[in-house]
Amino acid sequence: MIERRNPYRKTRALPVGHLGYPLPEIARELPEVTAQLEHGEREFLYHLPLLVNGDDIGNRGDGGSATLFALSLKQHELPGHVYTVDCYDDVERRQYVRERAAIGVLERITLVHATTREAKAILKDKSFSLLFIDADHSYEHCHEDVQQYQGLVPSTGYLAFHD
């Protein structure tokens, strides 16, 4: 039997640069982003917006991924916007707002402060070329997010998951 290896597993995390995607210095220095994301995840998330040519991105579970998506859009001069959903506390929300303002991407991110189920009603008229699901990591909740949001991703779009 062949053992499948997850390159993002903490005990086998890829070293920075292993994916061959250059990551700008500013993305390596973001304290809130780097605290949450393992090595190769940063490079991968930073480059995902390039796959969709800068179109709008839906993000279930805010955190570092939304910041990196917006930074990529800004640095590559792409037109998209990140619509991100999370229901964390105000302390954490303020940390992300400060960080995003400091690097000039705050205006590229719309945070819907709600559960993914509640946010669906708010985002029902949006269309996302990329939907990144990184909220509740249980099978049941990921499946529910896919069921609720798949209609917002056209057949030419991408659906990606974390963990």
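Scroll up a little and you will see the structure.
The paragraphs below set out a description of the structure included in this document. (Residues numbered from 1 in each chain as written. Predicted model: local features only at pLDDT ≥ 70, side-chain atom pairs only at ≥ 80, totals over all residues. Heavy atoms only, no water.)

### Some remarks on the nonpolar core
Next up, step 1: One finds Leu45, Ile57, Phe69, Val82, Val105 and Leu130 to be the most contacted residues of the largest nonpolar core, which totals 20 residues.
Next up, step 2: Contributions of two or more residues to this core are made by α3 (39-51), α4 (63-75) and β4 (130-133).
Next up, step 3: Ranked by residues supplied to this core, first place goes to α4 with six residues.
Next up, step 4: Counting residues in each nonpolar core, the second largest holds 14 residues, with Leu123, Cys142, Val146 and Tyr149 among its members. (Core = buried A, V, L, I, M, F, W, Y, C linked by side-chain atoms within 4.5 Å. Buried < 20%, exposed > 50% of the residue type's maximum accessible area, 1.4 Å probe, protein only. Helix = DSSP H or I, 4+ residues; strand = E, 2+ residues; numbered from the N terminus.)

### Description of the side chain of Ser129
Next up, step 1: When you line up the elements, Ser129 lands in the loop between α6 (116-123) and β4.
Next up, step 2: According to the relative accessible area criterion, Ser129 is buried, its value standing at 15%.
Next up, step 3: A polar atom in the side chain of Ser129 sits 3.1 Å from the side chain of Asp55.
Next up, step 4: Setting aside its immediate chain neighbours within four residues, Ser129 contacts Val52, Asp55, Asp56, Gly157 and Tyr158. (Polar contact = N/O pair within 3.5 Å; in protein donor to acceptor, adjacent residues only side chain to side chain. Contact = heavy atoms within 4.5 Å.)

### Re the packing of α6 against helix α7 (residues 139-149)
Next up, step 1: Following both chains from N to C, one finds α6 and α7 inclined at 10°, their axes separated by 10 Å at the closest point. Overall, the two elements α6 and α7 adopt an arrangement that is roughly parallel. Contact residues: Thr116, Arg117, Ala119, Lys120 and Leu123 in α6; Glu144, Asp145, Gln148 and Tyr149 in α7.
Next up, step 2: The residue inventory of the contact of α6 with α7, partitioned by class, reads three nonpolar, two polar and four charged. (Axes fitted to C-alpha atoms, helices over the stretch in contact; angles between N-to-C directions. Parallel < 35°, antiparallel > 145°, perpendicular 65-115°, else oblique. Nonpolar A, V, L, I, M, F, W, Y, C, P; charged D, E, K, R; others polar.)

### Focus on the sheet that holds strand β1 (residues 57-60)
Strand pairing in a sheet relies on backbone hydrogen bonds, with the paired strands running either antiparallel or parallel.
Next up, step 1: Pairing is parallel across the open sheet formed by five strands, whose spatial order is β3-β2-β1-β4-β5. Each edge of the open sheet is held by one strand with a lone partner, namely β3 (109-113) and β5 (158-161). Strand-to-strand twist across the sheet, computed as the mean angle between neighbouring axes with direction ignored, equals 15°.
Next up, step 2: With four bridges joining them, β1 and strand β2 (residues 82-86) adopt parallel strand pairing. If you follow Arg60 over to β2, its bridge partner there is Val85.
Next up, step 3: Sheet strands touched by α6: β1, β2 and β3. Its angle to β2, the strand with the most contacts, is close to 150°. (Pairing = 2+ DSSP bridges.)

### Focus: the packing of aromatic side chains
Given two aromatic rings, one states the distance between the centres and the angle between the planes to describe the pair.
Next up, step 1: Overall, the coordinates contain three aromatic pairs when judged by the stated rule.
Next up, step 2: Centroid distance Phe69 to Phe132: 5.7 Å. Interplanar angle 90°. Geometry classified as edge-to-face. Placement of the pair is Phe69 in helix α4 and Phe132 in strand β4, with a sequence separation of 63 residues.
Next up, step 3: According to the relative accessible area criterion, Phe69 is buried, its value standing at 0%.
Next up, step 4: Seen in terms of ring centroids, Tyr83 and Phe128 are 5.9 Å apart; in terms of plane orientation they differ by 55°. Their pairing is tilted. You can see Tyr83 sitting in strand β2 and its partner Phe128 sitting in the loop between α6 and β4, a full 45 residues away along the chain. Across the pair, exposure class does not vary: Tyr83 and Phe128 are buried alike.
Next up, step 5: Directly above the aromatic system of Tyr149 lies the positively charged group of Arg60, at a separation of 4.2 Å from the ring centroid. (Phe/Tyr/Trp six-rings, centres within 6.5 Å; stacked < 30°, edge-to-face > 60°. Lys NZ or Arg CZ within 6 Å of the ring centre and 35° of its normal.)

### Thoughts on the environment of Lys126
Next up, step 1: Following the sequence through the fold, Lys126 ends up in the loop between α6 and β4.
Next up, step 2: Given a relative accessible area of 33%, Lys126 falls into the partly exposed group.
Next up, step 3: In sequence terms Lys126 and Asp56 are 70 residues apart; their C-alpha atoms lie 8.6 Å from each other.
Next up, step 4: In contact with Lys126, other than residues within four places in its own chain, are Tyr83 and Leu152.

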